[in-house]
Amino acid sequence: MQTVTLIPGDGIGPEISAAVIKIFEAAKVPVKWEERNVTAIKGPGGRWMIPPDAKESMDRSKIGLKGPLKTPIAAGHPSMNLLLRKTFDLYANVRPCISIEGYKTPYTDVDLVTIRENTEGEYSGIEHVIVDGVVQSIKLITEKASKRIAEYAFEYARNNQRNSVTAVHKANIMRMSDGLFLRKCREVAENFKDIKFTEMYLDTVCLNMVQDPTQFDVLVMPNLYGDILSDLCAGLIGGLGVTPSGNIGANGVAIFESVHGTAPDIAGLDLANPTALLLSAVMMLRHMGLHPHADKIQTACFDTIRDKKFLTKDLGGNAKCSEFTSEICRRVQDLDGGH
Amino acid sequence: MTARFLPGSLRRLFCSWSSRLPPAQYGGRHTVTLIPGDGIGPELAQHVQDMFRICCVPVDFEVIDIDSTKASEVDINNAIIAIKRNRVALKGNIETNHDSPPSYKSRNCLLRTALDLYANVMHCQSLPGVRTRHENINITIIRENTEGEYSSLEHESVPGVVECLKIITRTKSLRIADYAFRTARENGRGRVTAVHKANIMKLSDGLFLECCKEVASGYPEITFDTMIVDNTAMQLVSRPQQFEVMVMPNLYGNVVSNVCAGLVGGPGLVPGANYGKEYAVFEMGTRNTGKDIAKHDTANPTAMLLASCLLLDHLRLHHYASTIRRAVLSTVTETQMLTPDLGGHSSTSEVVQCIMNAVQNPTKHLKDRYCAVSCDSRPDYISPNENKHITSANP
C-alpha cells in the first residue's frame, strides 16, 4: 500500500479529485491518499512557503497528485505552481500527448512526449531596465540543469520503451546558451546508445509538428520552447482539459497534475471534466510501477469517451461529472470481472 | 541633394516623396540584389531569373554569392553594400552551422540588423486545392525582426553558466506595433493580436505590450487583444480562423510563423518579406535552407516565386507581379502539378514550366484575391508620428 499526497486544489479541483479517488477505489488500486492543502503561508523570516505538514507529507510519500491551484491577484506571494516547483526542485515537466480515440481533433495518431526543463532558461525571472525604454531579460542555461534534464529524458525514453529523443534548440541564433544545452544532450546520448538521438531547430519542429506529428517521439528542450511546444501538442490532442502532466523533482519527488485552470464558473456544479487529472493519475501509477492498474483505468476512460454516451460538456456531451465518473468506474469493474 | 539639410516639415515631405518612388536606374530597368544562399536557394533563384526573363520583367539581378563556411564577414558585408545600393533584394537562406564558435554570427541576422529590416511580414492564407487540416486561414504575422532574443548577446559568466540577453526597447516595440496597425488598417483587417509572455517576463514583454496598447489607442476602429504565446500555439492548432493580424517579438514570431506556414500547407507555399525604412528584402517565409532536398529538383518553387511577386509589387511593377502570381496560384490550386511536399510527384522544373505556360496562356477565372496584403504594407510613407519614434535615440 503506497501513500500518495493528494492536493485537491481550488475551483473544480475538489470535485475532480473526488472523481479520481472513486475511480481508483473501483479499480482497487493499492494507494492510500493523504489530503493536504498547499495555500501559501508566511514562514519565519518572512519568506512565503507551503504549509509544513504538506511538505512533510510530500517528502515522506514522494508522490503527489495535484488539482488546479489559483493564485489570487495581489496575494503578495508568487504563483503557487512556482512555489511548489521551488520547494521540491521540480526540474522536469513531462507531458505525454496521445490522441484520444473518440475525441476527434484534426490530428490523429499523435503519440509523443514533451520533456521540458523547468527551473531555468528564459523563465529565470532576471530582468533589468538598462535605461528608460530598454529592457533586458536574461536567459540562463547551466551545464548542471541541462545535463540533468537530458539524463531524465533518456531514462524516460528507456523506461517507457520509446525509440528516439529529439533535442529542440535554436543554437544557430543562441550559439552559447542553446549550444551548451545541445552539447550536454549529445554527451548524455553517448551513454544511451539504444535510443536514437536527433537535434532539430525549434522552428522546424513547429513546422513539422502541425503537418505530421507522428514523426516525433520524445522531445527534450529548455524552458520557453518547452512551454510553447507542450501547449502546442496539448492543442493537437484536444486541449488542456484532456492532457496529463507530471513534474519530476530532485530527491525522487514526483508531482502529477492537471494543467487546466480552476474554472471557478463551473465549480461545485458537477459539470467538470476529470479526464486531465485522471490521466495524470494514470501517469502517476506508471511512475509507481503499477502498470496493470494504469492500463485498466486508461482503457476504461478512453472507452467511455469513444462510446460518447456519457461525455461532459467540454467534450461535446451533456453528462454530469458524477455520471462520467460512474461510467468509468463501471467499465473498470467490467474489465476486472473479465479477467 | 540629401534630405538632411532641409527644414523639418519639408524634409518629411521630401522623404515621403522620394521613398514613394522606387529607385529605377538606366532606362526604367531596376537592379535588384539576388543572394542565392545555400541548400535549395541557388536552384530556386535560377528559376526566378528564368521566370523574369520569360515575362520580360524589367529587372536585372546583381547576384551576390555568400560562402557560409568562411569565417570572414567580407561576403555578407558586400551583400549589405549591394542592397544599400539597390535598396531591394531577393534572398535564399544562408546556412548557419550551429557548432561554429559564437564569434560567427548568423549571416541572415547580420543582414537584417545592418539594414534595419525591422518588420518581417508573412501572410498565411489557405489555398483552394491544397489539402490541409484547417480551412479559411487568413493570418498576417508581423514579427519584430531586429531585437528580442536574436540580439546575439551571450556570455559565460562562470564556467558552465551561460547568460543570453533578450533586449526589448520602447522604440522598436512602438515601431513594429505601428507597422502592424497600419497594415491592418490598409488591408481592412479588424483585429490585431499581440503575442507575449508578460506573465513571466514582466519587464521585457510587459514593455512590448505597453507599446502595443499605446499604439492601439490611435486606431480605435481596430480591435486589439493580447494572448500569451503558449495559449496562442494551442489556439492556432485548434481554431486558427480566429486570428487576423498578429504582432510579436522576434522569437515568438519565429514559432508562430512556422506554425501558421505548416497549417496552410508547408514551407514551400508561403513567401516572406522584410521591410525597413529604406530597404526591403524578400525571401521564403519560413527561411529554410532545405539542405536535404538541395539539387534534387524536388523543392517547391511556389514560395520563392511568390516572394519575387512581392518584390515586383514593391517596385510597383504590379502588372508583372499579378501575371506571375496568377500563374503560380493557378498551377498550385488547379493542376495536378504538385511537388512532393504537397503530396505530388512533379519536379521543380516541371512545375516551373507549367507556370511559364500559364503565364503565356493565362486562366481568366482565377481572381487575384490572394495576397493583397503585401502590396500596400511597405512603410514608404513616413507619418509625423513615425518620425518621432524612429529618430529617438536607440542605445
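Each chain has its residues counted from 1, running along the sequence as written. Chain letters start at A and ligand numbers start at 1, both assigned in the order the entries are written. Given that this is a predicted model, residues contribute local features only at a pLDDT of at least 70 and side-chain atom pairs are listed and counted only at 80 or more, while totals for whole chains, interfaces and linings are drawn from all residues. Hydrogen atoms and water are omitted, and side-chain values are computed over all heavy atoms in the structure.

Peer 1: Sorry if this is basic, but what is going on with helix α6 (residues 202-211) of chain A here?
Peer 2: Along an α-helix, residues three or four apart share an orientation, since each turn contains 3.6 residues. Throughout, exposure labels follow a simple rule: accessible area from a 1.4 Å probe, protein chains only, divided by the maximum for the residue type, with under 20% read as buried, over 50% as exposed, and the rest as partly exposed. Here a strand is any run of E in DSSP of at least two residues, a helix any run of H or I of at least four, and the numbering for each starts at the N terminus. Most of α6(A) sits out of view: eight of its 10 residues are buried. Within α6(A), the full set of buried residues consists of A:Leu202, A:Asp203, A:Val205, A:Cys206, A:Leu207, A:Asn208, A:Met209 and A:Val210.

Peer 1: What is the right way to look at the interface of chain A and chain B in this model?
Peer 2: Bring the parts together and some accessible area is lost; that lost area is often taken as the interface size. Whether two residues are in contact is decided by their heavy atoms, any of which lying within 4.5 Å being enough. If you look at the interface, chain A gives 51 residues, while chain B gives 58 residues. For any pair of parts, buried area is found by adding up, for both, the accessible area (1.4 Å probe) each one loses once the two are put together. Counting each side, the surface lost to burial between chain A and chain B is near 4,500 Å², with a carbon and sulfur contribution of 65%. A pairing counts as a salt bridge when a side-chain nitrogen of Lys or Arg comes within 4 Å of a carboxyl oxygen of Asp or Glu. Put simply, chain A and chain B have two salt bridges between them. Salt-bridge contacts for A:Asp227 lead to B:Lys197; the nearest nitrogen and oxygen are separated by 2.6 Å. Elements that contribute at least two residues to the side of chain A that touches chain B include exactly β8 (121-131), β9 (134-142), α5 (177-190), β11 (196-201), α6 and α7 (223-237) of chain A. Its residues assigned to classes, the side of chain A that touches chain B shows 29 nonpolar, 11 polar and 11 charged. Gly is put with the polar residues, along with every residue not named as nonpolar or charged; the nonpolar set is Ala, Val, Leu, Ile, Met, Phe, Trp, Tyr, Cys and Pro, and the charged set is Asp, Glu, Lys and Arg.

Peer 1: Help me out: how do you make sense of the packing of helix α4 (residues 143-159) of chain A against α5(A) in this one?
Peer 2: Angle between the axes and distance between the axes: these two values describe a pair of packed helices. Residue and element names in this part refer to chain A. Remark: α4 packs on α5, axes separated minimally by 8 Å, with the N-to-C direction vectors making an angle of 45°. What the angle tells us is that α4 and α5 run oblique. The way α4 lies across α5 gives a crossing that is right-handed. Together, Glu 143, Ser 146, Lys 147, Ile 149, Ala 150, Glu 151 and Phe 154 of α4 and Leu 180, Phe 181, Lys 184, Cys 185, Val 188 and Ala 189 of α5 make up the contact between the two elements. When its residues are assigned to classes, the contact of α4 with α5 shows eight nonpolar, one polar and four charged. A fitted line through C-alpha atoms serves as each axis, taken over the contacting stretch for helices, and the angle formed by two N-to-C directions is quoted from 0 to 180°. An angle below 35 degrees is read as roughly parallel, one above 145 as roughly antiparallel, one from 65 to 115 as roughly perpendicular, and any other as oblique. Left-handed describes a crossing whose near helix is turned anticlockwise from the far helix by less than a right angle; the clockwise case is right-handed.

Peer 1: Help me understand the domain arrangement of chain B in this model?
Peer 2: Residues and elements named next belong to chain B. Here chain B is partitioned into domain 1 (24-95 + 105-123 + 269-359) and domain 2 (133-264). The partner domain 2 presents 20 residues to the 18 residues of domain 1 that form the contact. Roughly 1,600 Å² is buried in total at the junction of domain 1 and domain 2, and carbon and sulfur atoms are behind 53% of that figure. Of all residues in domain 1, Tyr 118, Asn 120 and Met 122 bury the most surface against domain 2, accounting for 37% of the area lost on that side. Counting every contact that joins domain 1 to domain 2 gives one salt bridge. An automatic or database domain assignment provides the domain bounds reported here.

Peer 1: What exactly am I supposed to notice about the packing of aromatic side chains here?
Peer 2: Geometrically, a pair of aromatic rings is defined through the distance of the ring centres and the angle of the planes. Only the six-membered ring of Trp is used, alongside the rings of Phe and Tyr, when aromatic pairs are assigned; centres must lie within 6.5 Å, and planes under 30 degrees apart are stacked while those over 60 apart are edge-to-face, with the rest tilted. A complete count under the given rule lists 11 aromatic pairs over all chains for this structure. With centroids separated by 5.9 Å and ring planes inclined at 45°, the aromatic side chains of A:Phe154 and A:Phe197 adopt a geometry described as tilted. Of this pair, A:Phe154 sits in helix α4 while A:Phe197 is found in strand β11, placing the two residues 43 residues apart along the sequence. What links up through ring pairs into an aromatic cluster is the set B:Tyr118, B:Tyr179, B:Tyr275 and B:Phe282. In this scheme, the term charge over a ring applies when either NZ of a lysine or CZ of an arginine sits within 6 Å of the ring centre and within 35 degrees of the ring normal. Above the plane of the ring of A:Tyr201 lies A:Lys170, whose end atom (NZ or CZ) is 5.8 Å from the centre.

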